[in-house]
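Below are the chains, spelled out letter by letter.
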Amino acid sequence: MENLSVILLFLFVLFTLLGSGVWVGLALMGVAWVGMELFTSRPVGDVMLTTIWSTSSSWTLTALPMFIWMGEILYRTRLSEDMFRGLSPWMAPLPGGLVHTNIVGCTVFAAVSGSSAATLTTVGKMSIPELRKRQYPERMVIGTLAGAATLGLMIPPSLTLIVYGVTINESITKLFFAGIVPGLVLAAMFMGYVAIYAKLSGNWAPASEPKLTFAEKVRNSRFLLPVICLILVVIGSMYLGFATATEAAAFGVIGALLLALGQGSLNWTTFTESLMGATRTSAMIALILAGAAFLSLSMGFTGLPRGLAELVAAWELTRFELLMVLLVFYIILGCFLDGISSVVLTMAVVEPMVRQAGIDLIWFGIFIVVVVEMAQITPPIGFNLFVLQGMTDHEMGFIARAAIPMFLIMVLMVFVLIAIPELATWLPNTLRPTTA
Amino acid sequence: MIALRKSLDALYTAAGVLAALSLIAILLLILVQMLARWTGEVFPGAPDYAGYAMAAASFLAFANALNRGSHIRVSIVLNALGPTARRWLDIWCFAIATAVMWYFVYYAQRFVFWSWKFGDVSQGQDKTPLWMPQGLMLLGAVILAIALTDNLLHLILKGENRIHRNLHDQASGE
Amino acid sequence: EKWDMPLAYSATNFHSENAAEFAQCVTSGTNGEIEITTHPSGSLFKGADIKRAVQTGQVPIGERLLSGHQNENPLFGFDSVPFLATSFDDSVALYEAAKPKLEEVLAEQNLTLLYAVPWPPQGLYFKDEVTSVEDMKGVKFRSYNSATARLAELTGMLPVTIEAAEISQAFATGVAESMVSSGATGYDRKVWESLNYFYEVDAWLPRNYVMVNSDAWNGLGDANKTVLTDCAATAEANGLQLSKDYTQFTMDGLAEGGMTVAPASDTLVGELKTIGETMTAEWLEAAGDDGQAIVDAFKN
Ligand code: NA
Ligand code: NA
């Protein structure tokens, strides 16, 4: 069992460094270094530089800062207020009322933003005060927001899918298209839950909304125009063949800048703040990716991923059993790690297993995203919990409990995905050239 | 001492500004490449240049991101500790990180030196001598190593951690 | 001694399968004294990094498409000069002609050449029917290096840069409408979903080279060196046959997918030949006397 000692050593060093609070990217480099020094006779430092340079200067990676920058610009516009005004007249008559604006708002905003937290902050900034004013149950307001904001990761554009695509060298455009239908299905499941809860709950008595005529509703919808335009620009440019996924991100930045300019919220301060914020955030992810690239190389030299994949293959798990093992594994990992770290950290081992089991890697990307979405709302480390804590002054425990139904719905979503894989694979596979 | 403090902070800011300019460069490169394609022009090497700008944007921003608390770390144990124990654990973290980064810098300068010595050129249409963009990576790495050393010494000598967690930046990446 | 061998292409690619067999041959031939482990799919080093990794001893052995490095030395591109060697037999003759010079250049870089296997011949993929260079004007053509960009320029096509991972999508969405590549690429990427014509122009047959770090090589005993050379010779012969077989297999696959697989029209062949002469002349200008020596040796 040479493998076992290697695994134990890797895990011990990893947990010591990560757990004691060393920055994730640097901790990964440290683990990789230990692994290579002990198990190979290769020049570790030179290997580290070759692989980190090659990862850091990758062209596909450039979509990442662009989508982050776009989110930073939109965060500083009036987009969320406008979305609430446009959406609320349509949502009010549904069972569950304006709580649906949380979910639909997040779904719509997810289509322009690549991150879950950006979706959460932008939508929550507006909807929380409005919903509170109308006496909707607090737990429902917070829970749906925490859950639905994770759609930011699945509905394209998605930072998680970019990172996944870069890590396994799959087409990012394909992954983006794979996320659309499952994202909409998940949103529908959230909305279904809200409707059922509102019908069954005894104390559901929000303030009633003024009745609007159909014409007035339509007129209010004009506020949705800016965000719809942005969605069309980003997704449309990819679908019509004007741009690849990377280039669509640049469109998004320009679109967001124009939108901010149109609303008068673009000035030197907001511009530089958004730019510096985007620079720092993408640097944060780049450091993790650099560390992970080195770690996965180091593991490759030790032969560990192959050994583990062969071990799991020897268990002769069915595809379903393998997915269940991975589901539990990622839920546990997701309690402690952010989504991007847990994707990049595990792919070196998981990718060979998944390939060997004959699982479609595009489909698996969506599976990973659902699981990473759950990680956003599981304590103790869950970014949506942190962000909501900052926004609402609720305790973490309260927010986490409020989000439990959403967590369960996401678990259900995993089974839906397994039962109907076409949800993820149909759209990327049917994407045909257009006449344009 | 004050002059040193000021010049170090200026160094981190300057690197951050350079990183931000690299980000703008990525945007412009992608746009120009698309425009070129639509108008039937050719802009050879655009993806390669965007890749170099990506590396520069990342590495030059590392120190700035560190000082603003944007880099992710697992803080469960740190938060559970009392002030003294917490300080020791923070020193351990900075010491490890500083060591890793200076190790990286040592090999990065060799890496860039050999690229220069071999006359390594990009395999893409840009044919850029690689030591140039790699040099920017080295520069960023040196500045991060300095920033980590700076923070470590500050923590040991003054007993306070200058970095405070920046939730907004960390969360925007998720 | 454990030797890690990075490969850029997927485990099921015939180059990778051939390399795995070579690794097996060496491992058993040396009685485990040298145990070679292949790492396909760029899982250890990406294709572009493999040469430098071997050169600097980060790994002792590796496989690389050498023409990827022609910016560094034009000589590395001898096997990718369009329409110079346009059949498997020609490809072998050209390789034999270039070998002495190539080995010399590689030796200067601390590399020892073991064996080389050609890819299937490069053909032209189009969305619409093309019978002459005139039809190619304005077509968006996927270029991936200076030579393919130059080919686009000479035929009046618009070179667009598309990363390998985005090929299928680029064709599906019309970002690109044409490329030059082997039948294998089109078959692997299922391009018949978007493209309709494959012309067997056999433009060139680029090779993958398996190279050893010279320090590692010199450190071997004579017995082990012989084992490696013998295994390499076997791999070179097997690889050539695999490549030929695979060419037919992918042509059938493309046709089955619904593509028109055909030789180019006489007009087109003639025009491409002229372009080939231009590009050979340009390559010779860059590659100097060494290049001239290779071409002269090949033509005799
Ligand atoms: Na999104
Ligand atoms: Na979590």
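Residues numbered from 1 in each chain as written. Chains lettered and ligands numbered in written order. Predicted model: local features only at pLDDT ≥ 70, side-chain atom pairs only at ≥ 80, totals over all residues. Heavy atoms only, no water.

Novice: Before we move on, can you summarise the UniProt feature "transmembrane region" (unreviewed entry) in chain B with the specific residues and values?
Specialist: All names here are of chain B. As annotated by UniProt and renumbered to match this structure, "transmembrane region" (unreviewed entry) occupies residues 12-37, 49-67, 88-108 and 136-157. Its end C-alpha atoms 38 Å apart, residues 12-37 is made of 100% helix and 0% strand. For the annotated span residues 136-157, helix accounts for 100% and strand for 0% of the residues, and the straight-line distance between the end C-alpha atoms is 31 Å. (UniProt positions renumbered as here; feature names shortened; annotations may be inferred. Helix = DSSP H or I, 4+ residues; strand = E, 2+ residues; numbered from the N terminus.)

Novice: So what's going on with a nonpolar patch on the surface? Residues and values would help.
Specialist: Side chains of A:Val328, A:Ile332, A:Phe336, B:Ile76, B:Val77 and B:Leu81 sit close together on the surface and give an oily, nonpolar patch of about 480 Å² of accessible area. Residue contributions to the nonpolar patch peak at three residues, all from helix 17 (residues 319-336) of chain A. (Patch = residues over 30% accessible without salt bridge, like charges linked within 9 Å, V, L, I, M, F, W, Y side chains within 5 Å. Areas by Shrake-Rupley, 256 points an atom, 1.4 Å probe, with all protein chains shown as cover. Salt bridge = Lys/Arg side-chain N within 4 Å of Asp/Glu carboxyl O.)

Novice: Describe the sheet that holds strand 8 (residues 178-182) of chain C, and please don't skip the residues or the numbers.
Specialist: All names here are of chain C. Read from one edge of the open sheet, six strands run 7-6-8-5-9-11, paired in mixed fashion. Each of the sheet's edge strands pairs with one partner strand only, and the pair in question is strand 7 (158-161) and strand 11 (260-262). Averaged over all pairs of adjacent strands, the angle between their axes in this sheet comes to 30°, without regard to strand direction. In the sheet, strand 5 (residues 122-126) pairs with strand 9 (residues 197-199) via three bridges, with the strands oriented antiparallel. Paired with Phe126 across the bridge in strand 9 is Tyr197. Sheet contacts for helix 9 (residues 222-256): strand 5, strand 9 and strand 11; angle to strand 11, the most-contacted strand, approximately 145°. (Pairing = 2+ DSSP bridges. Axes fitted to C-alpha atoms, helices over the stretch in contact; angles between N-to-C directions. Contact = heavy atoms within 4.5 Å.)

Novice: Can you explain the coordination of the sodium ion (ligand 1)? Please cite residues and give values.
Specialist: Residue and element names in this part refer to chain A. Summarising the metal site, the sodium ion (ligand 1) is bound by the protein donors Ala110 (O), Ser113 (O), Gly152 (O), Ile155 (O) and Pro157 (O), whose distances to it range over 2.2 to 2.5 Å. Sequence spacing of the donors to the sodium ion (ligand 1): A-x2-S-x38-G-x2-I-x1-P. Taken as a pair, Ser113 in the loop between helix 6 (99-110) and helix 7 (116-133) and Gly152 in helix 9 (residues 151-154) lie far apart in primary sequence, 39 residues in all. Pair check on accessibility: Ser113 and Gly152 agree, each one buried. (Donors = N, O, S within 2.8 Å, 3.2 Å for Na, K, Ca; no water. Buried < 20%, exposed > 50% of the residue type's maximum accessible area, 1.4 Å probe, protein only.)

Novice: Which residues make up the interface of chain B and chain A, and what are the values?
Specialist: Facing 65 residues of chain B, the contacting portion of chain A comprises 70 residues. Buried area between chain B and chain A, both sides added, is near 5900 Å², and the carbon and sulfur share of it is 75%. Summed over the shared surface of chain B and chain A, the number is one salt bridge. Measuring nitrogen to oxygen at the nearest pair gives 2.9 Å for the salt bridge that ties A:Asp46 to B:Arg110. At the level of secondary structure, the elements contributing two or more residues to the side of chain B that touches chain A comprise helix 1 (2-38), helix 2 (46-67), helix 3 (76-80), helix 4 (83-118), helix 5 (131-158) and helix 6 (167-172) of chain B. Of the residues that constitute the side of chain B that touches chain A, the class distribution is 45 nonpolar, 13 polar and seven charged. (Buried area = accessible area lost by both parts, 1.4 Å probe. Nonpolar A, V, L, I, M, F, W, Y, C, P; charged D, E, K, R; others polar.)

Novice: Please give an account of the nonpolar core that cites residues and values.
Specialist: Side chains that are nonpolar tend, in soluble globular proteins, to be buried together. Ranked by internal contacts, the top residues of the largest apolar core, which has 256 residues, are A:Leu26, A:Phe364, A:Phe367 and B:Phe104. No other element matches helix 15 (residues 268-302) of chain A, which puts 18 residues into this core. Aside from chain neighbours lying at most four places away, what touches B:Phe104 is A:Met29, A:Met48, A:Leu49, A:Ile52, B:Phe59, B:Met137 and B:Ala141. Grouped together as the second largest cluster of nonpolar side chains are 25 residues, C:Trp3, C:Ile61, C:Tyr115 and C:Leu228 included. (Core = buried A, V, L, I, M, F, W, Y, C linked by side-chain atoms within 4.5 Å.)

Novice: If you had to explain the packing of helix 19 (residues 361-375) of chain A against helix 22 (residues 404-419) of chain A to someone new, which residues and values would you point to?
Specialist: All names here are of chain A. Where helix 19 contacts helix 22, the two axes come as close as 9 Å, and the packing angle between them is 170°. As judged from the angle between their axes, helix 19 and helix 22 are roughly antiparallel. When helix 19 is examined against helix 22, the residues Trp363, Ile366, Phe367, Val370, Glu373 and Met374 are found in contact with a partner set consisting of Phe407, Met410, Val411, Met413, Val414, Leu417 and Ile418. In terms of residue class, the contact of helix 19 with helix 22 is built from 12 nonpolar, no polar and one charged. (Parallel < 35°, antiparallel > 145°, perpendicular 65-115°, else oblique.)

Novice: Would you mind going over the state of the cysteines in detail, with residue names and values included?
Specialist: Residue and element names in this part refer to chain C. Scanning the entire structure with this criterion turns up one disulfide over all chains. Two residues share a disulfide in this structure: Cys25 and Cys231, whose sulfurs sit 2.0 Å from each other. The sign of the -80° torsion about the S-S bond sets the Cys25-Cys231 disulfide as left-handed. One end of the pair, Cys25, is in helix 1 (residues 14-29); the other, Cys231, is in helix 9, with 206 residues separating them in the sequence. Overall, the relative accessible area of 28% leaves Cys25 in the partly exposed class. For Cys231, a relative accessible area of 5% gives the class buried. (Disulfide = S-S within 2.5 Å.)

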